[in-house]
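Structure assessment
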Amino acid sequence: MTFTLPELPYAHDALQPYMSKETLEYHHDKHHLAYVNNGNNLLKGTEWEGKSLEDIVKGSFGKNAGLFNNAGQHYNHLHFWNWMKPNGGGDKIPGKLEKAIVESLGSVAKMKEDFIQAGVTQFGSGWSWLAVKDGKIIVMKSANGESPLVHGASPILGCDVWEHSYYIDYRNRRPDYLKAFVDHLVNWDYVDQMYQAAVK
Ligand code: MN3
């Protein structure tokens, strides 16, 4: 088995009231597990067997849609669980990362506004992102299981805007979900780790 479902880094009810136990039971225990199982089945016998997850995602993009969709979503969700934590969000952003955000995007407030807007305007299923491209931090959005990885950038923060991520808690109010994610859930220390790795 190349892909395995990680344990959540917190209890299923730890992100309440912003993300419910029921949402995480479906989203982590069922949706992510399906990407893991489908990905393992679709990987068998391909040229990417034995490769790293990032190489599988980049290599299968545009070549093997079934494998890409599942491997891409496995990659995105592995990080998504870590991009959140209880009592996250707010303006507690590690210094170097905060400086880079201000230099690239104008201000922390503008970054949050643009990140939320990217998620609101992603038509259908997908993700909103902060990514590093050519040393700068950019805001992106992507469809389905795509990520900045397959668009020449390194993802450092992503928010899942598939309906399975918010419909139980927010129904059709995607903007409210994105605002709660930014204000109360983001684990900026994990974003900082990915930022440091991306600019090395
Ligand atoms: Mn999802």
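Analysis parameters
- Residues numbered from 1 in each chain as written.
- Predicted model: local features only at pLDDT ≥ 70, side-chain atom pairs only at ≥ 80, totals over all residues.
- Heavy atoms only, no water.
- Core = buried A, V, L, I, M, F, W, Y, C linked by side-chain atoms within 4.5 Å.
- Buried < 20%, exposed > 50% of the residue type's maximum accessible area, 1.4 Å probe, protein only.
- Domains from an automatic or database assignment.
- Contact = heavy atoms within 4.5 Å.
- Axes fitted to C-alpha atoms, helices over the stretch in contact; angles between N-to-C directions.
- Helix = DSSP H or I, 4+ residues; strand = E, 2+ residues; numbered from the N terminus.
- Parallel < 35°, antiparallel > 145°, perpendicular 65-115°, else oblique.
- Nonpolar A, V, L, I, M, F, W, Y, C, P; charged D, E, K, R; others polar.
- Buried area = accessible area lost by both parts, 1.4 Å probe.
- Salt bridge = Lys/Arg side-chain N within 4 Å of Asp/Glu carboxyl O.
- Polar contact = N/O pair within 3.5 Å; in protein donor to acceptor, adjacent residues only side chain to side chain.

1. Re the nonpolar core
The biggest cluster of nonpolar side chains holds 57 residues, and the ones touching the most others in it are Ile137, Phe181 and Trp188. When residues of this core are assigned to domains, at least three fall in each of domain 1 (21–82) and domain 2 (95–198). Not counting the four nearest positions on each side in its chain, Phe181 is found in contact with Phe80, Trp83, Met84, Phe115, Leu157, Gly158, Cys159 and Val186.

2. As for the packing of helix α4 (residues 95–105) against helix α5 (residues 108–121)
Contact geometry for α4 and α5: axes closest at 8 Å, N-to-C directions at 70 degrees. Looking at the two axes, α4 sits roughly perpendicular to α5. Packed against α4, whose contacting residues are Glu98, Ile101, Val102 and Leu105, the element α5 presents Val108, Lys110 and Met111 at the interface. The residue makeup of the contact of α4 with α5, split by class, is five nonpolar, no polar and two charged.

3. Details of the domain arrangement of the chain
According to the domain assignment, the chain contains domain 1 (21–82) and domain 2 (95–198). Domain 1 and domain 2 are separated by 20 Å when their C-alpha centres are compared. The interface of domain 1 with domain 2 comprises 19 residues on the first partner and 23 residues on the second. The contact between domain 1 and domain 2 buries some 1,800 Å² in all, and 65% of this surface belongs to carbon and sulfur atoms. Our count for the domain 1 to domain 2 interface comes out at zero salt bridges. Inspection of the domain 1/domain 2 interface yields nine residue pairs in polar contact (both at pLDDT 80 or more). If you list the elements that add at least two residues to the side of domain 1 that touches domain 2, you get α1 (21–43), α2 (53–60) and α3 (65–82). Among the elements that make up the side of domain 1 that touches domain 2, the one with the highest residue count is α3 (nine residues).

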